[in-house]
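# Secondary and tertiary structure notes
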Amino acid sequence: MVNMNKDTSRIKRLIIFDVEGVLIPKRRYLLFEAARRIGYWSTLKLIVIGLLYEAWMLPLESALKKIFMLFQGLAVDDLFQLYKQVPLIPSVEEVFKKLKSAGYRTALISSGLPTLFVEHLAARLGADYAFGLQLETIDNRLTGKISGDVIRHDGKALVLKKIIEKEGLSPQDCVVVADDRNNLPMFSLCAVRIGYNPDFLVSAKCDFAVKGALSESLPYLTGETTKVYNPGLSKSDFIREAIHISGVFVPFVSILLNRYLVSLLILLVTLLYIASELVRLRGTNVPVFSTLTWRAAIKPELYEFVTAPILFAIAIMVSLILFPPPINYASIAILALGDGTATLFGKKFGRTTFPFNKGCLLYTSPSPRD
């Protein structure tokens, strides 16, 4: 635990930030950046462990311990240099500058980053508290062993309780900003829960969801509004949903050609897209693919590996291969048209928050009074 600021005379509210996925891109996680140092098979293990955690087949503590064991022998200085190359989410520094000038207290709590690195980030942003996991090292090299409260299932809540007790606050004074389920234990300790590009569980349990720049969360952080903000449709929204809706043509092409051939073509395009994303993150743009990504992705995605098109392609391929016509064609049409048009209409006309997905607004017919 590190208290980065001793002045408590201006406390109005404590705001707690998750780090990975909120302050730094989720898919530019430090250990994925370091994966190139551990070889092909260890990288494959890293990916598998991550997938098992996402599928609820591995608890957080077990997943983290297995992952860090893959980096046994890596120099701490080398890991720190890789950390410094990970960019911040857009407008993070702007948000912390405004919060600090308004007198709010801030805390960074990370389950996946070492305390040393979280402290560095806290000093950069002017945050008051920094918590991360503890690395065991010998001669400045990782032994692969980690420890600390934050890696436990309810560890972040335990850390938050310590801060609340130290500051003499109550849950009514606390706001949390998080993106994934391992932050849920903190929700009961905070009066306001904000999901930033949240997963399904956080989206269902948060009070507000933000999917653009982090600065869009400022009205909720400061209590200036209790209404869901509708950012409206942007140019990138139109492009992204147009690509999504274009999937409706897949059934027609499959009827003219062959569904298995179409699946193979989609697979080849997906592999090309994956390659283009890998080189884009290293600063090289691939014609067509990278252009579409830059124009269609939301701001936070531009700093990480954009996986949405891959998941969309996989859904279409699975439908084509596993299910017979016309069931597969109907399911693809529903996926492409239903999801795409729902987003467009919701952002244009939506006024009611979807209870299990706070980031979406439902289109509702105007009442007679409107």
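This is a predicted model, so every value here is computed, not measured.

## A closer look at the overall build of the protein chain
- What the protein chain contains, in helices and strands, is 15 helices and ten strands.
- Counting only residues that meet the buried cut, the protein chain has 47% of its 370 residues in that class.
- When contacts within the protein chain are restricted to residue pairs at least 6 apart in sequence, those whose partners lie at least 24 apart make up 66%.
- Only carbon and sulfur atoms are counted for the fraction: they give 62% of the accessible area of the protein chain, which is about 18800 Å².

## Considering a nonpolar patch on the surface
- A cluster of nonpolar side chains, contributed by Phe249, Phe252, Val253, Leu256, Leu257, Leu261, Leu264, Leu265, Leu267, Leu268 and Leu271, occupies part of the molecular surface with about 1100 Å² of accessible area.
- Secondary structure elements with two or more residues in the nonpolar patch: α11 (249-256) and α12 (259-280).
- When residues in the nonpolar patch are grouped by element, the largest group, six residues, is from α12.
- Classification of leucine 261 by relative accessible area gives partly exposed; the value is 39%.

## Points about helix α4 (residues 76-85)
- Of all the residues in α4, the buried ones are Val76, Leu79, Phe80, Leu82 and Tyr83. Buried positions in α4, seen along its axis, are confined to an arc of 160° and lie on one side of it.

## Thoughts on the environment of glycine 21
- Tracing the backbone through its elements, the reader meets glycine 21 in the loop between β2 (14-18) and α1 (30-33).
- In this structure glycine 21 comes out as buried when scored by relative accessible area, which is 8%.

## Looking at the pattern of salt bridges
- The full count for this structure, using the stated rule, is twelve salt bridges.
- A salt bridge links lysine 98 to glutamate 94, with the shortest nitrogen-to-oxygen separation between them at 3.3 Å. With lysine 98 and glutamate 94 both in helix α5 (residues 92-101), this residue pair falls four residues apart, about one helical turn.
- For lysine 98, a relative accessible area of 43% translates into the label partly exposed.
- Arginine 240 is the partner of glutamate 241 in a salt bridge, and the nearest nitrogen-oxygen pair spans 3.9 Å.
- For glutamate 241, a relative accessible area of 6% puts it in the buried group.

## With respect to unusual backbone geometry
- Of note, the bond from proline 325 into proline 326 is cis; its omega dihedral lies within 30 degrees of zero at 0°.
- With respect to the helices and strands, proline 326 occurs in the loop between α14 (308-322) and α15 (327-349).
- With a phi angle near 70°, serine 91 is a residue other than glycine that sits in the positive phi range.
- With respect to the element layout, serine 91 can be found in the loop between α4 and α5.
- If you check the backbone angles, valine 288 has positive phi at about 70° while not being a glycine.
- Looking at the element boundaries, valine 288 is found in the loop between α12 and α13 (289-296).
- Residue classification places valine 288 among the exposed residues on the basis of a relative accessible area of 56%.

## Focus: the nonpolar core
- In this structure, Ile16, Phe17, Leu23, Leu108 and Leu221 are the most contacted members of the largest nonpolar core, which totals 82 residues.
- In terms of nonpolar packing, the next biggest core, distinct from the first, is built from ten residues, Val250, Ile316, Met317 and Leu320 among them.

## So, the packing of α12 against α13
- It is at 9 Å that the axes of α12 and α13 come closest, and there the two elements cross at 70°. In terms of orientation, α12 and α13 fall into the roughly perpendicular class. Taking contact as the criterion, the partners of Val269, Leu272, Tyr273, Ser276, Glu277 and Arg280 in α12 are, on α13, Phe289, Ser290, Thr293 and Trp294.
- Along the lines of polarity and charge, the residues of the contact of α12 with α13 split into five nonpolar, three polar and two charged.

## Re the confidence of the model for the protein chain
- For the protein chain, per-residue confidence averages 84 on the pLDDT scale, and 86% of positions sit at 70 or higher.
- Here strand β1 (residues 2-3) stands out as the least confident element of the protein chain, with mean pLDDT 50; β2 is the most confident, with 97.
- Predicted confidence for residues 4-11 stays below pLDDT 50, and this span has 19 contacts to residues more than four positions away or in other chains.
- Note that residues 362-370 has pLDDT below 50 and, in this model, eleven contacts with residues that lie over four places away or in other chains.

## A word on the packing of aromatic side chains
- Counted under the stated rule, the structure contains six aromatic pairs.
- Summarising the aromatic geometry, the rings of phenylalanine 80 and tyrosine 83 are spaced 5.5 Å apart at their centres and angled 35° between planes, so their arrangement reads as tilted. Of the two residues, phenylalanine 80 and tyrosine 83 both sit in helix α4, three residues apart, roughly one turn of that helix. An identical accessibility class is assigned to phenylalanine 80 and tyrosine 83; each is buried.

Criteria and cut-off values
- Residue numbers run consecutively from 1 along every chain, following the written order of its sequence.
- Since the coordinates come from a predicted model, pLDDT governs what is reported: local features require at least 70, and pairs of side-chain atoms require 80 or more to be given and counted, while whole-chain, interface and lining totals use all residues.
- To obtain the side-chain values, all non-hydrogen atoms of the structure were included, while hydrogens and water were left out.
- Labels follow the DSSP assignment, with helices taken as runs of H or I lasting at least four residues and strands as runs of E lasting at least two, numbered in each case from the N terminus.
- Per-residue accessibility, obtained with a 1.4 Å probe over protein chains only, is compared with the maximum for each type, and a residue is labelled buried under 20%, exposed over 50%, and partly exposed between these values.
- Whether two residues are in contact is decided by their heavy atoms, any of which lying within 4.5 Å being enough.
- For the area figures, the Shrake-Rupley method with a 1.4 Å probe applies, and any residue is considered shielded solely by the protein chains shown.
- Each patch is built from residues lacking any salt bridge and having more than 30% relative accessible area; the joining distance is 9 Å for like charges and 5 Å for nonpolar side chains (Val, Leu, Ile, Met, Phe, Trp, Tyr).
- Should a side-chain nitrogen of Lys or Arg be within 4 Å of a carboxyl oxygen of Asp or Glu, the pair is scored as a salt bridge.
- Arc definition: it is the arc formed by the directions from the helix axis to the C-beta atoms.
- Nonpolar core, defined: a set of buried Ala, Val, Leu, Ile, Met, Phe, Trp, Tyr and Cys residues in which side-chain atoms within 4.5 Å join the residues together.
- Fitted lines through C-alpha atoms give the axes, limited to the stretch in contact for helices. The angle between two N-to-C directions lies from 0 to 180 degrees.
- For this classification, under 35 degrees means roughly parallel, over 145 means roughly antiparallel, 65 to 115 means roughly perpendicular, and everything else is oblique.
- Each residue gets one label: Ala, Val, Leu, Ile, Met, Phe, Trp, Tyr, Cys and Pro are nonpolar, Asp, Glu, Lys and Arg are charged, and the others, such as Gly, are polar.
- Every residue gets a pLDDT, meaning the predictor's confidence in that residue, from 0 to 100.
- Pairing of aromatic rings covers Phe, Tyr and the six-membered ring of Trp, with a centre-to-centre limit of 6.5 Å; geometry is then stacked below 30 degrees between planes, edge-to-face above 60, and tilted otherwise.

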